[in-house]
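Residue-level listing of the chains:
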Amino acid sequence: MNSADKKKLRAQAHSLKPVIMIGQAGLTAAVLAEIELALNVHELIKVRIRAEREDRKLISEKICTDTGAELIHGIGQIIVIYRLNPDK
């Protein structure tokens, strides 16, 4: 994905609210299943990760590798991820 595409997706994500929140329990199988479901429905989602900076980076990388999504933007506790749904 090139930078122009990412810029468009960042602009689209600006008005979105986080649909998934990762709290004290961390990234569990149930949370990954919910992220998969949300990506299938919306393609572009925001995720709030309530953890320390180093942990947030590891969690966001794990989400992207496990779901096949691409990290579009990350600032503070919020990340924006995108995965194309070919069925749409």
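A brief structural summary. Note that the structure is predicted; figures quoted are calculated from it, not measured. (Residues numbered from 1 in each chain as written. Predicted model: local features only at pLDDT ≥ 70, side-chain atom pairs only at ≥ 80, totals over all residues. Heavy atoms only, no water.)

**So, the pattern of salt bridges**
Side chains that differ in charge, positive against negative, can pair when their charged atoms come close. Note the cut-off: For this document, the term salt bridge refers to a Lys or Arg side-chain nitrogen within 4 Å of an Asp or Glu carboxyl oxygen. Strands are runs of DSSP state E lasting at least two residues, helices are runs of H or I lasting at least four, and both sets are numbered from the N terminus onward. Accessibility here uses a 1.4 Å probe with only protein chains present; expressed as a share of the type maximum, an area under 20% marks a residue as buried, one over 50% as exposed, and anything in between as partly exposed.
The full count for this structure, using the stated rule, is four salt bridges. Across the pair K62 and D66 runs a salt bridge whose closest N-O atoms are separated by 2.8 Å. Taken together, the positions of K62 and D66, both in helix 3 (residues 53-67) and four residues apart, correspond to about one turn of that helix. Since its relative accessible area comes to 37%, D66 is described here as partly exposed.

**Remarks on the side chain of S60**
Condition: It only takes one pair of heavy atoms within 4.5 Å for two residues to be counted as in contact.
Looking at the secondary structure, you find S60 in helix 3. Once residues lying within four places of it in the same chain are set aside, the contact partners of S60 are I49 and I79.

**Points about the sheet that holds strand 3 (residues 70-75)**
Heads up, the condition is: Pairing between strands requires that DSSP locate at least two bridges from one strand to the other. Orientation is described by axes fitted as lines to C-alpha atoms, over the contacting stretch for helices, and by angles from 0 to 180 degrees between their N-to-C directions.
Taken in spatial order, the four strands make up an open sheet running 1-2-4-3, and their pairing is mixed. In this open sheet, the two edge strands, each paired with only one partner strand, are strand 1 (20-22) and strand 3. This sheet shows a mean twist of 25° between the axes of neighbouring strands, independent of strand direction. Docked against the sheet, helix 1 (residues 3-13) engages strand 2 (44-49), strand 3 and strand 4 (78-82), running at close to 55° with respect to strand 3.

**Quick look at the packing of helix 2 (residues 29-42) against helix 3**
Counted only if it meets this: Note on terminology: angles under 35 degrees are roughly parallel, angles over 145 are roughly antiparallel, angles of 65 to 115 are roughly perpendicular, and the others are oblique. Left-handed is the label given to a crossing in which the near helix is rotated counterclockwise from the far helix by less than a right angle, and right-handed is the label when the rotation is clockwise.
Where helix 2 contacts helix 3, the two axes come as close as 11 Å, and the packing angle between them is 60°. In terms of axis orientation, helix 2 runs oblique to helix 3. Where helix 2 crosses over helix 3, the two elements pack in a sense that is right-handed. Residues L32, I35, E36 and L39 of helix 2 form the contact with helix 3, whose own contacting residues are I63, D66 and T67.

In short, the description is geometric, and any link to function would need to be established separately.
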